[in-house]
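# Topology and contacts: notes
Take a look at the letters that make up each chain.
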Amino acid sequence: KKDFISTQDLTREQIDYILNQAMSFREINQREVKKIPTLKGRTIVNLFFEASTRTRTSFEIAGKRLGADVINISSSTSSTQKGETLMDTVKNIEAMASDIIVIRHSYSGSVKFVSDNTDAHIVNAGDGLNEHPTQCMLDLLTIKLQKGRLEGLNVTIIGDIAHSRVARSNIWAMKTYGMNVTLFAPPTMLSVGVEAFGVNIAKNMDEAVSNADVIIMLRIQRERMAKLLIPSEREYSKLFGLTPAVMQKAKSDVMVMHPGPINRGVELSSVVADSANSAILDQVENGVAVRMAVLSFLAMSK
Ligand code: CP
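Just so it is clear, the model here is predicted, and its values are computed rather than measured.

What counts as what
Residues numbered from 1 in each chain as written. Predicted model: local features only at pLDDT ≥ 70, side-chain atom pairs only at ≥ 80, totals over all residues. Heavy atoms only, no water. 1 Å grid on protein atoms, 1.4 Å probe; cavity = no way out; pocket = protein on both sides within 12 Å on 5 of 7 lines; lining within 4 Å. Points joined across faces, edges and corners; volume = space filled by probe spheres on them. Helix = DSSP H or I, 4+ residues; strand = E, 2+ residues; numbered from the N terminus. Nonpolar A, V, L, I, M, F, W, Y, C, P; charged D, E, K, R; others polar. Domains from an automatic or database assignment. Near = heavy atom within 4 Å. Polar contact = N/O pair within 3.5 Å; in protein donor to acceptor, adjacent residues only side chain to side chain. Areas by Shrake-Rupley, 256 points an atom, 1.4 Å probe, with all protein chains shown as cover. Sits in = over half its atoms within 2 Å of the grid points. Pairing = 2+ DSSP bridges.

With that out of the way, let us pick up empty space enclosed by the protein. Scanning the model with the defined rule gives 2 cavities of 30 Å³ or more in all. Roughly 60 Å³ of volume is contained in the largest cavity. Residue assignment for the lining of the largest cavity shows that the elements contributing at least two residues are α2 (54-65), α5 (133-147) and α11 (280-300). By residue class, the composition of the lining of the largest cavity is 3 nonpolar, 5 polar and 2 charged. Counting residues domain by domain, the lining of the largest cavity receives three or more from each of domain 1 (12-131 + 284-300) and domain 2 (133-280). Estimated volume of the second largest cavity: approximately 30 Å³. In terms of lining residues, the second largest cavity is bounded by Ile-161, Ser-164, Ala-167, Arg-168, Ile-171, Ser-191, Val-194 and Phe-197. Across the lining of the second largest cavity, the residue classes tally to 5 nonpolar, 2 polar and 1 charged.

This is the structure in structure tokens:
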């Protein structure tokens, strides 16, 4: 496979392969000496046009653990500030014999556009509100490690789904595994026609959480919407926030997940974020292993 752009074009066998590889890399990451030479001599460039803590750092750690040379470029210090186009930027990075370019950009479809016009392997680290496929892989790995399976699990995604690339990537892949996906969101933050993806829409918080094996909470992605917020942050927190009171309605062993960054006290109370049900830091840990698996999967492919 040349590129890793979307969970829509991944087969179940390819996802299984990546998850299995990630499980092996996870064991290596727990050793005292974590570095292996799988990508020795290869060059990976992280090209980020949007802020990131987890994704950029974990791609850098993943590349270095595999022995690659890793270069980080952010938009604020690149020549895009002087008017250079995204495509020209990528062509110039490719000219320096880069093997894999990891791109985050605020425009949906921008990473696919680049991948169609370059020979280097391209990885989507999040494009606008479209997709975040490696976040999906680490979410699946975290669920599989904790629940022992994916098939048949009930997953509820709550919050700003319309602007969430994480929700989109997860819905595609979770349906591939026969997981039952329920969404609960303000009508202003639920994509029109989303039912066509084969998901259930919950009518209230009780219905959303009561049967869930996994709850994925989403923050309001203000960077992708107009200034006026409907519902307001206070209303969102009251109606769509996960609090200890709401958790009383959920299964005792429900997994609480969040792609980060968390807005504590808005979509998720600190008590829940830091509780035994929370798998949020497990997601972050698994992000390194998953990105090692994706980078090596591409590097070994034609
Ligand atoms: N989950 C995620 O994409 O986090 P960052 O924005 O910090 O990379």
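Further remarks concern the site of the ligand. Around the ligand sit Ser-52, Thr-53, Arg-54, Thr-55, Arg-104, His-132, Gln-135, Pro-259 and Gly-260, and that is every residue in its neighbourhood. Within the side chain of His-132, an N or O atom sits 2.9 Å from an oxygen atom of the ligand. Within the backbone of Gly-260, an N or O atom sits 3.5 Å from a nitrogen atom of the ligand. The fraction of the free accessible surface of the ligand (250 Å²) that becomes covered by protein chains is 91%. For the ligand, the cavity whose grid points lie within 2 Å of the majority of its atoms is the largest pocket. Considering only residue class, the shell around the ligand consists of 1 nonpolar, 6 polar and 2 charged. Split by domain, the residues of the shell around the ligand number at least three in each of domain 1 (12-131 + 284-300) and domain 2 (133-280).

Before going further, it helps to spend a moment on the sheet that holds strand β6 (residues 180-184). Taken together, the 5 strands give an open sheet; going across it, the order is β7-β6-β5-β8-β9, and neighbouring strands pair in parallel fashion. Looking at the sheet topology across the chains shown, the edges are occupied by β7 (200-201) and β9 (255-257). Across 3 bridges, strand β8 (residues 214-217) lies against β9 in parallel orientation. Residue pairing for β9: Val-214 is matched across the bridge by Met-255.

Moving on, we get to the layout of surface pockets. In this model, the largest pocket occupies a volume close to 370 Å³. As for the largest pocket, its lining consists of 20 residues, and the residues nearest its centre are Arg-104, Arg-165, Arg-219, Gly-260 and Pro-261. Of all elements in the fold, only α2 and α6 (165-176) reach the threshold of two or more residues within the lining of the largest pocket. For the lining of the largest pocket, the residue count by class is 5 nonpolar, 8 polar and 7 charged. Shared between two domains, the lining of the largest pocket holds at least three residues of each, these being domain 1 (12-131 + 284-300) and domain 2 (133-280). Approximately 150 Å³ is the volume found for the second largest pocket. If you go around the second largest pocket, the residues you meet are Thr-43, Val-45, Ile-71, Ile-73, Glu-84, Thr-89, Asn-92, Ile-93, Met-96 and Ser-98. Counting residues per element, the lining of the second largest pocket draws most heavily on helix α3 (residues 86-95), at 3 residues. A per-class count over the lining of the second largest pocket returns 5 nonpolar, 4 polar and 1 charged.

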